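Here is what each chain is made of, one letter per residue.
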Amino acid sequence: MSLRITVAAPFRQKGTERLAENEFVVALSLDRDWFSPDQATRLVDVATGRGLLDRTEGHVEITFDPTEVTIPDGFVPDEDIIQQQSPFEQALSTLEDEGIEKQNAVAGINRLQSDLGVTIETAAVVYARRNGIALDGVAEQARAELAEE
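Residues numbered from 1 in each chain as written. Predicted model: local features only at pLDDT ≥ 70, side-chain atom pairs only at ≥ 80, totals over all residues. Heavy atoms only, no water.

- Looking at an unreviewed UniProt entry, the protein carries the name DUF2240 family protein, with the source organism given as Natranaeroarchaeum aerophilus.

Some details on the overall build of the protein
Reasoning step 1: Helices and strands together make up the secondary structure of the protein, namely seven helices and three strands.
Reasoning step 2: Along the chain direction, N to C, the helices and strands of the protein fall in the order α-β-α-α-β-β-α-α-α-α.
Reasoning step 3: Counting contacts in the protein only where the partners sit at least 6 residues apart, residues at least 24 apart contribute 58% of the total.
Reasoning step 4: If you sum the accessible surface of the protein, you get close to 8100 Å²; carbon and sulfur atoms cover 43% of it.
Reasoning step 5: Side-chain charges in the protein split into 13 positive and 28 negative, and the spacing between the mean points of these groups amounts to 4 Å. (Helix = DSSP H or I, 4+ residues; strand = E, 2+ residues; numbered from the N terminus. Contact = heavy atoms within 4.5 Å. Areas by Shrake-Rupley, 256 points an atom, 1.4 Å probe, with all protein chains shown as cover. Lys, Arg positive; Asp, Glu negative; His and termini not counted. Charge placed at Lys NZ, Arg CZ, Asp CG, Glu CD.)

Structural notes on helix 5 (residues 102–116)
Reasoning step 1: Its 15 residues give helix 5 an end-to-end C-alpha distance of 21 Å, which sits within 8% of 21 Å, the value for a rise of 1.5 Å per residue.
Reasoning step 2: Here helix 5 has its buried residues at Ala-105, Gly-108, Ile-109 and Leu-112. The buried side chains of helix 5 occupy one side of the element, clustering within an arc of 100° when seen end-on. Helix 5 presents Gln-103, Arg-111 and Ser-114 as exposed residues on the side facing more than 90 degrees away from its buried surface.
Reasoning step 3: Those residues of helix 5 that are buried lie in contact with helix 4 (87–97) and helix 6 (120–130).
Reasoning step 4: Taken from the residues just after helix 5, Gly-117 is the one with a positive phi, measuring 65°. (Expected span 1.5 Å × (residues − 1). Buried < 20%, exposed > 50% of the residue type's maximum accessible area, 1.4 Å probe, protein only. Arc of directions from axis to C-beta.)

Description of the sheet that holds strand 2 (residues 53–56)
Reasoning step 1: Here we have three strands laid out as an open sheet, ordered 1-3-2, and antiparallel in their pairing. In this open sheet, the two strands that pair with only one neighbour each are strand 1 (18–20) and strand 2. Going from strand to strand, the sheet's axes swing by 25° on average, the running direction of each strand aside.
Reasoning step 2: Seen against the sheet, helix 2 (residues 21–31) touches strand 1, strand 2 and strand 3 (59–62) and runs at an angle of roughly 90° to strand 1. (Pairing = 2+ DSSP bridges. Axes fitted to C-alpha atoms, helices over the stretch in contact; angles between N-to-C directions.)

Digging into the pattern of salt bridges
Side chains carrying opposite charge are able to pair once their charged atoms draw close together.
Reasoning step 1: Following the criterion strictly, the structure yields five salt bridges and no others.
Reasoning step 2: As a salt-bridge pair, Glu-98 and Arg-4 come within 3.9 Å of each other at their nearest N and O atoms. Taken together, the positions of Glu-98 in the loop between helix 4 and helix 5 and Arg-4 in helix 1 (residues 2–14) put the pair 94 residues apart, joining distant regions of the chain.
Reasoning step 3: Taking the relative accessible area as the measure of exposure, Glu-98 reaches 41% and is therefore partly exposed.
Reasoning step 4: Among the ionic pairs, Arg-55 bridges to Glu-21, the shortest N-O distance being 3.1 Å. (Salt bridge = Lys/Arg side-chain N within 4 Å of Asp/Glu carboxyl O.)

Remarks on the nonpolar core
Soluble globular proteins: nonpolar side chains tend toward being buried together.
Reasoning step 1: Counting 26 residues, the largest nonpolar core has Val-7, Phe-11, Phe-24, Phe-35, Leu-43 and Leu-53 as the members making the most contacts within it.
Reasoning step 2: When residues of this core are traced back to their parent elements, those giving at least two are helix 1, helix 2, helix 3 (37–49) and strand 3.
Reasoning step 3: Looking at this core element by element, the count peaks at six residues for helix 1.
Reasoning step 4: The residues touching Phe-35, leaving out its near neighbours within four places in the chain, are Thr-6, Leu-28, Ser-29, Ala-40, Leu-43, Pro-77, Asp-78, Glu-79, Ile-81 and Ile-82.
Reasoning step 5: Counting 16 residues, the second largest nonpolar core, distinct from the first, contains Leu-95, Ile-109, Ile-133 and Val-138. (Core = buried A, V, L, I, M, F, W, Y, C linked by side-chain atoms within 4.5 Å.)

Pasting the structure below:
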């Protein structure tokens, strides 16, 4: 959930859904003092990979409504959110962000993996879609990793 909050903060601050990428980085690093500029740039990569941001021609556009995200008083994101997650970890995190309990999600995904005879990532995408949640970025990353093998 903290990645979603972190991504939403600069857009809420500026009252827009599209920012220049350097403006997004400045908002996270200098305005809020949450990350170094390099870390904030890395966050753009992670958030884009997770499908929270779209990156085009030097701009970033948020893919969800930032006004629907509550930023708690005193919120400071953990630096570990800028670490790259596996497709399964991304899927699980997104499911949790959407209000599905982690234990229920893991159990449902494991059942699907067994029943369908697919990878854990594929089962996570199917589970999410059955719950009305799109994991397009995760699906694309899982496909890319399979192609590399």
